[in-house]
Amino acid sequence: MAAGKEIRNQIRSVRNTQKITRAMEMVAASKMRRAQERMRAARPYAMKMRAVIGHLRYAHPEYRHPFLAVRPVRRAAVLVITSDRGLCGALNASVLRAALLEIETAARDGIELDFCTIGTKGLGFLKRLGVRIVAHVGHLGDVPHAHDLAGAVKVLLDGYRTGTLDRIDIVYNRFVNTMTQKPVVERLLPLPEVEDPSLKHLWDYLYEPEARDVLEQLLSRYVETLVYHGVVENGASEQSARMVAMRAASDNAGKLIGDLRLRYNKARQAAITQEISEIVGGAAAV
Amino acid sequence: MATIHVDIVSAEREIFAGEAQAVFAPLVLGEIGILPRHTPLLGRLKPGEVRVQVSADEQHQFYVTGGLLEVQPNIVTVLADTAVRARDLDEALAQAAVTRAEEALVDRGDNFDHARAQAALVEAMERLRIARKYRTAGGHR
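Fair warning: this is a prediction, and the values are worked out from it, not measured in the lab. By convention here, each chain's residues receive numbers from 1 onward along its written sequence. Ligands are numbered from 1 and chains lettered from A, in the order in which they are written. Given that the model is predicted, a residue must reach a pLDDT of at least 70 before its local features are reported, and side-chain atom pairs must reach 80 or more before they are shown or counted; all residues, however, enter totals for whole chains, interfaces and linings. No hydrogens and no water enter the side-chain calculation; it runs on all heavy atoms of the structure.

**Here's the deal with the packing of helix H1 (residues 91–106) of chain B against helix H2 (residues 114–133) of chain B**
Between two packed helices, the angle of one axis relative to the other and the distance separating the axes together describe the packing. All names here are of chain B. In this analysis an axis means a line fitted to C-alpha atoms, helices contributing only their contacting stretch, and an angle means the value between N-to-C directions, from 0 to 180 degrees. Runs of E in the DSSP output that reach at least two residues are strands. Runs of H or I that reach at least four are helices, and both are numbered from the N terminus. Where H1 contacts H2, the two axes come as close as 8 Å, and the packing angle between them is 155 degrees. It follows that H1 is roughly antiparallel to H2 by the angle criterion. Handedness of the H1/H2 crossing: left-handed. Taking contact as the criterion, the partners of Glu91, Ala94, Gln95, Ala97, Val98, Ala101, Glu102 and Leu105 in H1 are, on H2, His114, Ala117, Gln118, Ala120, Leu121, Ala124, Met125, Arg127, Leu128, Ala131 and Arg132. Ten residue types, Ala, Val, Leu, Ile, Met, Phe, Trp, Tyr, Cys and Pro, are classed as nonpolar, four, Asp, Glu, Lys and Arg, as charged, and the remainder, Gly among them, as polar. Here the residues of the contact of H1 with H2 sort into 12 nonpolar, three polar and four charged. In this scheme, roughly parallel covers angles under 35 degrees and roughly antiparallel covers those over 145, while 65 to 115 is roughly perpendicular and the rest are oblique. Helix crossings fall into two classes, left-handed where the near helix is turned counterclockwise from the far one by less than a right angle and right-handed where it is turned clockwise. Should any heavy atoms of two residues lie within 4.5 Å, those residues are considered in contact.

Okay, here's the thing in structure tokens:
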């Protein structure tokens, strides 16, 4: 029965793993609900902010704010949002694959790339690649705050302001639904093109107190909002991806246990059969 | 009668969306009243109250701590840092915030930021003023 004991140990170890994955699944499920609420709450502000920026693209401000400048791209920055922790399926891998694609295209177009990472998983990966990382924020916890991100965002904005950066992109996982998260690359600066023909005549805003102040506040707030929104969205994606991955792991463990038990029972049956036939054989010989 | 579409959102949530006859908002240089077909405007908000006149006898009041205001001929968007319905303000909490802000101004710590402390006091006092103003109008107690 040596084989039987081995299998029994194996079953016990798989069952312990299953307990862990099941607990993680439940933790992720409850965190996911909160993360989704946070994401939903942040959406209206981000949407309105996008709408206002869309209008602004059609205005003809007499004051040219540095963030409105569009230059030929020689050096660009990519902000990569990943999770701090693993065991969440292909979530980080797919974001980093999108980042790799950016690196390839940039290399082909002769653009130099700077990176800014939010989340330790992205930092580790990009460090191994040996790319230039100009800023990093990690360990945001389950409730990210906009002011935790301000420092990293400022590094990028200052780069754009002084003209060292000509383009800023952000890569993160967009939350589609619990089963699906999609890695997306979005342009932060220069402002993306939007079509709205009703605004296509020559006009400008009245500014109060002053164009420079108002545009400065609006544009930096815009970028901060988008980054914060990306982080919140990635957070919701992380929890759902982890929940789904852990459920798959628990199910898989269940299947494994079933297979092992079958093998154990077979081995036990075989041992009993063998013993009986030995006894019968022994009796016949006597 | 012509109306404008008003959206008030704060970083945490959407707080008001709907048609209105007029909107009043506290900009840094003073209060502004916006009627339909106003010329486009971008302005910075200071702490104070935003009033939305939905009809002759229906008005909504909100307390904002600051943010931005965008006006298009038929849309008004208030991007507030934080926004609360005026009648949801708690007078006791507002009073406590004023006291705290005043103490902060007197008791200067190691890295004292005068501008920030001053701004906090202005914000707290405005909150208290609005809380008192709508205390009875809101129907509380």
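**A word on the domain arrangement of chain A**
Residues and elements named next belong to chain A. As assigned here, chain A comprises domain 1 (2–25 + 244–285) and domain 2 (39–241). Residue ranges labeled as domains rest on an automatic or database domain assignment. Inter-centroid distance (C-alpha atoms) of domain 1 to domain 2 is 52 Å. Tallying the contact residues gives four residues for domain 1 and seven residues for domain 2. Summed over both sides, the interface of domain 1 with domain 2 buries roughly 370 Å², with 70% coming from carbon and sulfur. What gets called buried area is simply the loss in accessible area from a 1.4 Å probe that two parts show on being joined, summed for both. When residues of domain 1 are sorted by the area they lose upon contact with domain 2, Val244, Ala245 and Met246 head the list and together hold 84% of the total. In the sections that follow, a salt bridge refers to a side-chain nitrogen of Lys or Arg positioned within 4 Å of a carboxyl oxygen of Asp or Glu. Our count for the contact surface shared by domain 1 and domain 2 stands at zero salt bridges. Counted as a polar contact is a pair of N or O atoms within 3.5 Å, where, for protein atoms, one must be capable of donating a hydrogen and the other of accepting one, and residues adjacent in sequence contribute only when both atoms are in side chains. On inspection of domain 1 and its partner domain 2, the count reaches three residue pairs in polar contact (both at pLDDT 80 or more). If one sorts the elements of the side of domain 1 that touches domain 2 by residue count, helix H5 (residues 211–285) sits on top with three residues.

**Notes on the interface of chain A and chain B**
Interfaces are often sized by the amount of accessible area the parts lose when they come together. Each side of the interface is counted separately: chain A has 23 residues, and chain B has 27 residues. Carbon and sulfur atoms supply 67% of the area that chain A and chain B bury against each other, a total of about 2100 Å² over both sides. Looking at the side of chain A facing chain B, the largest losses of area belong to Tyr45, Lys48 and Glu208 of chain A, adding up to 32% of the total buried there. In this structure, Lys48 of chain A and Asp7 of chain B form a salt bridge, with 3.1 Å as the shortest nitrogen-oxygen distance. At the boundary of chain A with chain B, the tally comes to 10 residue pairs in polar contact (both at pLDDT 80 or more). Every element with two or more residues in the side of chain A that touches chain B is listed here: helix H1 (2–56), strand E6 (206–208) and H5 of chain A. With nine residues, the single largest contributor to the side of chain A that touches chain B is H1 of chain A. The residue inventory of the side of chain A that touches chain B, partitioned by class, reads 16 nonpolar, two polar and five charged.

**Details of the pattern of salt bridges**
Counted by the stated rule, this structure contains 26 salt bridges over all chains. Between Asp169 of chain A and Arg167 of chain A there is a salt bridge, with its nearest N and O atoms 3.2 Å apart. Relative accessible area serves as the criterion here: at 1%, Asp169 of chain A is assigned to the buried category. Burial classes follow relative accessibility: with a 1.4 Å probe on protein chains only, a residue under 20% of its type's maximum area counts as buried, one over 50% as exposed, and anything between as partly exposed. According to the relative accessible area criterion, Arg167 of chain A is buried, its value standing at 14%. The salt bridge partner of Arg51 of chain B is Glu31 of chain B, with a shortest N-O separation of 3.2 Å. One end of the pair, Arg51 of chain B, is in strand E6 (residues 48–55); the other, Glu31 of chain B, is in strand E4 (residues 30–34), and 20 residues separate them in sequence.

**Side note on the environment of Ala42 of chain A**
For Ala42 of chain A, the location among the structural elements is in helix H1. Filtering out sequence-adjacent residues up to four positions away, Ala42 of chain A remains in contact with Tyr228 and His229 of chain A together with Ala11 and Glu12 of chain B.

**Overview of the nonpolar core**
With 55 residues, the main nonpolar core has Leu56, Leu79, Ile118, Leu218 and Val227 of chain A together with Leu42 of chain B as its most contacted residues. Broken down by secondary-structure element, the contributors of at least two residues to this core are H1, strand E1 (75–81), strand E2 (112–118), strand E3 (132–137), helix H4 (146–162), strand E4 (167–175), strand E5 (181–189) and H5 of chain A. When residues in this core are grouped by element, the largest group, 13 residues, is from H5 of chain A. The contact partners of Ile118 of chain A, leaving out residues within four places of it in the chain, are Leu79, Val80, Ile81, Thr82, Val137, Leu140, Leu149, Val227 and Val231 of chain A. We define a nonpolar core as any set of buried Ala, Val, Leu, Ile, Met, Phe, Trp, Tyr and Cys residues linked to one another through side-chain atoms lying within 4.5 Å.

**Some points on the domain arrangement of chain B**
All names here are of chain B. Entries for chain B in the domain assignment read domain 1 (4–86) and domain 2 (89–140). If you average the C-alpha positions of domain 1 and of domain 2, the two centres end up 22 Å apart. At the junction of the two partners, domain 1 supplies 10 residues and domain 2 supplies eight residues. Of all residues in domain 1, Glu49, Tyr63 and Ala86 give up the largest surface area on contact with domain 2, accounting jointly for 59% of the area buried on that side. In this assembly, domain 1 and domain 2 are joined by two salt bridges. The shortest N-O distance in the salt bridge between Lys133 and Glu49 comes to 2.6 Å.

**Here's the deal with helix H3 (residues 120–129) of chain A**
Residue and element names in this part refer to chain A. Residues Gly122, Leu123 and Leu126 constitute the buried set of H3. Projected down its long axis, H3 shows its buried positions confined to an angular sector of 100 degrees, all on one face. Where H3 is buried, its residues contact E1, helix H2 (91–109), E2 and E3. At the C-terminal side of H3, Gly130 shows a positive phi close to 80 degrees. By construction, the arc corresponds to the directions joining the helix axis to the C-beta atoms.

**What to know about the side chain of Glu49 of chain B**
All names here are of chain B. On the secondary structure map, Glu49 appears in strand E6. Glu49 gets classed as buried once you look at its relative accessible area, which sits at 5%. At a separation of 2.6 Å, a polar atom in the side chain of Glu49 contacts the side chain of Lys133. Among the polar contacts made by the side chain of Glu49, one reaches the side chain of Tyr134 at a distance of 2.6 Å. Apart from the residues within four sequence positions on either side, Glu49 is in contact with Phe24, Ala25, Pro26, Glu31, Gln61, Phe62, Arg129, Ile130, Lys133 and Tyr134.

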